[in-house]
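Structural overview
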Amino acid sequence: MKHFDSPHRDDVRIDRAGYQTFRSMVKRLNRLEEMAGHGRFHILGFDEGIKLARDYAFIGEFSRDELNLMEDLFYRDAAEYGFFGDKTLTGITDRINRGDVIYISEQGNYLYKDRSFAIFKKIRQQTGDNVTLTSGVRGVMKQFLLFLNKTYKNQGNLSLASRSLAPPGYSFHGNGDFDVGQAGFGALNFTEKFITTDAYKNLYDLGYLTLRYELDNSVGVRFEPWHIRIT
Ligand SMILES: [Zn+2]
């Protein structure tokens, strides 16, 4: 896990026969996000995304092969490529109800009204503007995009991607967990440097960091000190 971002010898990859389909599907997902908008895409459902792609020539309809590949990836047991976490969303078409979430405008993320928002509000009250929300609720499409972009950048390496991102359906961001960071720290918030920030120290002292993915966890995910577990 020390070298989570490098290929390992037994890593599982997208097979050669399906690679063209995989590539066109990833590119289509990126166009879909561009069209839907960064904020809205966080909670876009699978069916909604398929329809949007069909309606806008800029995105283009998902082919039968692309849809089959997405279903295969969603329903495949991620343990086959080294991810041992629980599934939080069981169906590819599981949706996030717009009425259940609240939009946090400054960061373009959503939080569950009943589970997460009160915790985030309390954090802000206790830490001021020092702590920022870096990622909130993520639906199936958003998790597909994050996970598959990472896979694509690494030549189809599913195992490598799953060491830093939960595969679609397995993310606790679908359930209410969220990520926080030090305001102004940018992408470094998603590195181990985060633990050197005042935001981390504040959150740690206040007892918020009951981590989902601890150092040397058995799930197969890197240490994520920025991830707030809500259940
Ligand atoms: Zn997270």
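In case you missed it, the structure is sitting above this.
Notes on the structure follow. Quantities reported herein were computed from a predicted structural model and do not represent experimental measurements. Starting afresh in each chain, residues are numbered from 1 along the sequence in its written order. Only residues with pLDDT of 70 or above have their local features reported here, since the model is predicted, and side-chain atom pairs are shown and tallied only from 80 upward, although totals for entire chains, interfaces and linings are computed over all residues. Values shown for side chains rest on all heavy atoms present in the structure; no hydrogens or waters enter the calculation.

1. Let's talk about the sheet that holds strand β3 (residues 131-135)
With antiparallel pairing, three strands are arranged side by side in an open sheet as β3-β4-β5. Sheet topology places β3 and β5 (227-228) at the edges, where each strand pairs with a single neighbour. Pairs of strands are assigned from DSSP output, requiring at least two bridges between the strands. A helix here means a DSSP run of H or I that spans at least four residues, while a strand means a run of E at least two residues long, and both kinds are numbered starting from the N terminus. Strand direction decides the pairing type here: β3 and strand β4 (residues 178-182), joined by four bridges, are antiparallel. By the bridge assignment for β4, T132 is matched with G181. Residue contacts are counted whenever heavy atoms from the two residues lie within 4.5 Å of one another. Here the axes come from fitting lines to C-alpha atoms, over the contacting stretch only for helices, and the angles between their N-to-C directions go from 0 to 180 degrees. Docked against the sheet, helix α8 (residues 198-206) engages β3 and β4, running at close to 125° with respect to β4.

2. A few points about the coordination of the zinc ion
Note on the zinc ion: its protein donors are H173 (NE2), D179 (OD), D179 (OD) and H227 (ND1). The metal-donor distances range over 2.0 to 2.8 Å. Counted as donors are the N, O and S atoms within 2.8 Å of the metal, or 3.2 Å for Na, K and Ca, while water is not among the atoms, so some sites may look incomplete. Only four donors with every angle between 85 and 135 degrees are called tetrahedral; only four or six donors with opposite donors over 155 degrees apart and all others between 65 and 115 are called square planar or octahedral, in that order; all others are irregular. The site at the zinc ion holds four donor atoms, and with the angles between them running 51 to 152°, its shape is irregular. Of note, the zinc ion draws all its donor residues from one chain, in the sequence arrangement H-x5-D-x47-H. Highlighted residues: D179 in strand β4 and H227 in strand β5, separated in sequence by 48 residues. Across the pair, exposure class does not vary: D179 and H227 are buried alike. Burial classification: accessible surface area is computed with a 1.4 Å probe over protein chains only, and a residue below 20% of its type maximum counts as buried, one above 50% as exposed, and the rest as partly exposed.

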